[in-house]
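Observations on chain architecture
Listed here are the chains, written in short residue letters.
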Amino acid sequence: MTVSSGGVPAAHGLVGGTLPLPVIDPDVLCAAVGSGLDLVFGDEQQLRLLEAAVAQLYQVVEELRLVGTGTHGVAESVHSLSALDWRSPAGAAFLDRSDRLRGRAEDLAELAEESAVLARVAIDELHVRIGQLRSSINTVKATVASAATLGMC
């Protein structure tokens with residue numbers, strides 16, 4: 001690299017001549033670096049909050065899965081009542097009602113299990129996105145550190 005007669009640094013080695021290098025104003029660069037750091041640290045705090053929320057969502061999904069399993073167990077218990085010999089009108093009414101309740105319990109258990117599966121997929125997608133954001137934040141940090149170590153700020 002040499003300085004041309006106009007005082008602008010130039011890079012040699014290009015076919016046909018030289019290419020002027022940009023002149024970086026340290027005041028502008030340092031202000032941008034400072035703003036970038038403020039944004040990164042704010043984003044990093046938001047990312048930590050998102051990670052905590054995802055962890056809580058995972059706990060809710062596990063609870064939902066347990067609800068589905070428990071509800072399925074209730075449906076099976078109610079179904080076992082149909083094996084009893086009900087010879088009275090009240091017994092027949094009870095059996096009819098318990099069959100309807102069993103159907104609703106099975107529907108609820110299925111809905112809980114489906115919701116848990118969908119939520120797990122969403123959690124996995126959030127983990128991927130969080131990893132990408134963390135990588136981007138680390139890249140910005142490395143860039144800022146490079147600018148600082150070069151003595152520009």
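Residues numbered from 1 in each chain as written. Predicted model: local features only at pLDDT ≥ 70, side-chain atom pairs only at ≥ 80, totals over all residues. Heavy atoms only, no water.

**Some thoughts on the nonpolar core**
- Among the nonpolar cores identified, the biggest contains 8 residues, and these are Leu47, Val54, Val61, Ala116, Ala119, Ile123, Ile130 and Ile137.
- Listed by contribution, the elements that provide at least two residues to this core are helix H1 (26–80) and helix H2 (89–149).
- Of the residues forming this core, the biggest block, 5 residues, is contributed by H2. (Core = buried A, V, L, I, M, F, W, Y, C linked by side-chain atoms within 4.5 Å. Buried < 20%, exposed > 50% of the residue type's maximum accessible area, 1.4 Å probe, protein only. Helix = DSSP H or I, 4+ residues; strand = E, 2+ residues; numbered from the N terminus.)

**Observations regarding the side chain of glutamate 44**
- Checked against the element boundaries, glutamate 44 lands in helix H1.
- Under the relative-accessibility criterion, glutamate 44 is labelled buried at 8%.
- Excluding anything up to four places from it in sequence, glutamate 44 contacts Arg134, Ile137 and Lys141. (Contact = heavy atoms within 4.5 Å.)

**Describing the side chain of threonine 71**
- Its place among the elements puts threonine 71 in helix H1.
- Of the residues examined, threonine 71 reaches a relative accessible area of 13% and is grouped as buried.
- Residues contacting threonine 71, with those up to four places away along its chain left out, are Ala105, Leu108 and Ala109.

**Some words on the confidence of the model for the chain**
- Confidence in the prediction of the chain, expressed as mean pLDDT, is 80, and 75% of residues score 70 or more.
- Summarising per-element confidence for the chain, the mean pLDDT is lowest in strand E1 (residues 2–3) (48) and highest in H2 (88). (pLDDT = per-residue confidence, 0-100.)

**Quick word on a negative patch on the surface**
- A grouping of Asp107, Glu110, Glu113 and Glu114 is seen on the molecular surface, where their side chains present a negatively charged patch.
- Relative to the elements of secondary structure, glutamate 110 occurs in helix H2. (Patch = residues over 30% accessible without salt bridge, like charges linked within 9 Å, V, L, I, M, F, W, Y side chains within 5 Å. Areas by Shrake-Rupley, 256 points an atom, 1.4 Å probe, with all protein chains shown as cover. Salt bridge = Lys/Arg side-chain N within 4 Å of Asp/Glu carboxyl O. Lys, Arg positive; Asp, Glu negative; His and termini not counted. Charge placed at Lys NZ, Arg CZ, Asp CG, Glu CD.)

**Thoughts on a nonpolar patch on the surface**
- Taken together, the side chains of Leu84, Trp86 and Phe94 present a nonpolar region at the surface, about 280 Å² in accessible area.
- The residue phenylalanine 94 is located in helix H2 in this model.
- According to the relative accessible area criterion, phenylalanine 94 is partly exposed, its value standing at 40%.

**Section: the environment of asparagine 138**
- Topologically, asparagine 138 is positioned in helix H2.
- Along the sequence, asparagine 138 and glutamate 44 sit 94 residues apart, while their C-alpha atoms lie 9.7 Å from each other.

**A word on the pattern of salt bridges**
- As enumerated under the stated definition, the model contains 7 salt bridges in all.
- Note that lysine 141 is salt-bridged to glutamate 44, the shortest N-O span being 2.9 Å. Taken together, the positions of lysine 141 in helix H2 and glutamate 44 in helix H1 put the pair 97 residues apart, joining distant regions of the chain.
- Residue class for lysine 141 comes out partly exposed when judged on its relative accessible area of 29%.
- Here aspartate 96 ties to arginine 100 by a salt bridge, and the two come within 3.3 Å at their closest N and O atoms. Placement of both aspartate 96 and arginine 100 in helix H2 is noted, with a separation of 4 residues, approximately one turn of the helix.
- Residue aspartate 96 is classed as partly exposed on the basis of its relative accessible area of 43%.
- In this structure arginine 100 comes out as partly exposed when scored by relative accessible area, which is 46%.

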